[in-house]
Amino acid sequence: MNKKERIKQVQEEYENFHAVFHNMKNAVFQKENLITRRARHPLFEIEPFEALIRNEFITEDERNALFVQDTDQINTESEKLYTFTIDSETNRIVHRIRYDENNNCYETIFWYEDNCHKSMQRYIHTKHPYHHGIICYTYFKNGLPDLYLKCQYSKVLSKKYKIEDGRVTGYRQQHTFFSYTSNVSFEYDALGNIEVIKESGKDSGVPRERPEILFKRPESNQTIESTFKRIEDFLVQRISEEILKHVQIEEEVYCLMLEYAMPEAFPPELAIGVTTDLKDSYKTLKSHEWYNTNLRYLYEEYAVDLYDEQMQHIYMFYYRAYNFKEYKRETFEYWNNQVRQVYVNVCRRLIDVDFSTCFNISEDYLVIARGDVYGDSEYYYKQMKEYKNDKKTL
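Values in this document were obtained by computation on a predicted structure and should not be read as measured data. (Residues numbered from 1 in each chain as written. Predicted model: local features only at pLDDT ≥ 70, side-chain atom pairs only at ≥ 80, totals over all residues. Heavy atoms only, no water.)

Another point: the nonpolar core. Formed by 63 residues in total, the largest nonpolar core has its most connected members in Leu258, Phe266, Tyr318, Tyr343 and Phe359. Put simply, the parts of the chain that give this core at least two residues each are α5 (224-246), β14 (253-259), β15 (269-274), α9 (309-323), α10 (332-350), β17 (361-370) and α11 (376-393). Broken down by element, this core gets its largest block of residues, nine residues, from α9. (Core = buried A, V, L, I, M, F, W, Y, C linked by side-chain atoms within 4.5 Å. Buried < 20%, exposed > 50% of the residue type's maximum accessible area, 1.4 Å probe, protein only. Helix = DSSP H or I, 4+ residues; strand = E, 2+ residues; numbered from the N terminus.)

Another point: the packing of aromatic side chains. Geometry of an aromatic ring pair is reported as the spacing of the ring centres plus the angle between the planes. In this structure the tally under the stated criterion is 29 aromatic pairs. Between Tyr137 and Tyr139, the aromatic rings sit 5.5 Å apart at their centres with planes inclined by 5 degrees, giving stacked as the arrangement. When sorted by exposure, Tyr137 lands in the same class as Tyr139, which is buried. Ring centres of Tyr297 and Tyr299 lie 6.0 Å apart, and the angle between their planes is 50 degrees; on these two criteria the pair is classed as tilted. The partly exposed category is assigned to Tyr299, whose relative accessible area is 47%. The ring of Tyr106 has Arg98 sitting right over it, with the charged end atom 4.5 Å from the ring centre. The side chain of Lys325 reaches across the aromatic face of Tyr322, ending 4.1 Å from its centre. (Phe/Tyr/Trp six-rings, centres within 6.5 Å; stacked < 30°, edge-to-face > 60°. Lys NZ or Arg CZ within 6 Å of the ring centre and 35° of its normal.)

Right, let's get into the packing of α5 against α10. Interhelical geometry of α5 versus α10 gives an angle of 35 degrees and a closest axis separation of 9 Å. Both α5 and α10 take part in a crossing whose hand is right-handed. Within the contact between the two elements, α5 uses Ile224, Phe228, Lys229, Ile231, Glu232, Asp233, Leu235, Val236, Ile239 and Ser240 and α10 uses Trp335, Gln338, Val342, Tyr343, Asn345, Val346, Arg349 and Leu350. Of the residues assigned to the contact of α5 with α10, the class counts are 11 nonpolar, three polar and four charged. (Axes fitted to C-alpha atoms, helices over the stretch in contact; angles between N-to-C directions. Left-handed = near helix turned anticlockwise from the far one by under 90°. Contact = heavy atoms within 4.5 Å. Nonpolar A, V, L, I, M, F, W, Y, C, P; charged D, E, K, R; others polar.)

With that out of the way, let us pick up the pairing of strand β4 (residues 105-113). Note that strand β3 (residues 92-99) and β4 share five bridges and pair antiparallel. Across the sheet, Tyr99 pairs through a bridge with Cys105, a residue of β4. Counting the residues in the hairpin turn of β3 and β4 gives five residues, including Asn103, whose phi is positive at 70 degrees. Inspection of the sheet shows β4 paired to strand β5 (residues 116-124) by nine bridges, in the antiparallel sense. When the sheet's bridge partners are listed, Ile109 is paired in β5 with Met120. Connecting the antiparallel pair β4 and β5 is a turn made up of two residues. (Pairing = 2+ DSSP bridges.)

Here you go:
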């Protein structure tokens, strides 16, 4: 059966989703030697390389910490609890269920055959009769993934895998409803581990300008502290270089702004505040508001570019740690403060850079950052105003 025929088959199966789901569930629970375990994490999907594509890399210690022996360990307001049924003979998950705080249910069944793995997932809302469903298939050839299908609302996402020298080197992704297609490539290290997963795509035939890094294997002994220091050093150097190379402004400048949004906080957008754009704002606005008014974004007028593919690899370490925060019982506030400290350090170093060949600065010139969290603007203003005043007293 070819790809087109398999897509048609799963679409037809989807039309009878509930009956197929119940039959498959009954068959699963007729198995003997089933055991139950609980965890804070879904742990497994039948899609090949699914965890890596989500930029998730779990160490053995982290994985062991995800299992729950006592449900009293779970904070139901901030943590998820998955209950697994496992076939003890094969050590494979055959059923997974999770209830949210409103008792809505997420339930998945897994079925395994030699050349095909299948999962069916349904979402059951307590107040609405309609149940959302997803059917997934992975087909294998010579023991390696050949085709992955995901059907939802009768629309199918497909991934056709590329094999070279006995290993998967990537896949081509298509969708029956959307025009966007992509090619995903795998790069391996000397030990045969996937090192980088990179995606390039086209929408209506128009190629994406730059590839997207989906996964980067962590470097040996890499820590979040060393990662943030590398990000800080890079931003200071690249921002300085780009402004000195590309920016020429005749008017007086009162602000260099680094704008970002959590959680993907790096790299920032750069903006300049020019005194002639303020008009009456200088007198009428509070100080921290003044520094966030009528800014000129440098990418609109100048060829300022902070993209660097190797730094995308570094950012991935932070993104992975942030996305894993709920399993380590960390909060958004914790990571927001970590990012704030990086930007404070960058701003403090940039305010000492001599940009006199690019523009003149006002007496109140500051380098500040701005995130998308309430209070960010005032926080950075106070930090940088205090830093500048302290330097004057030295």
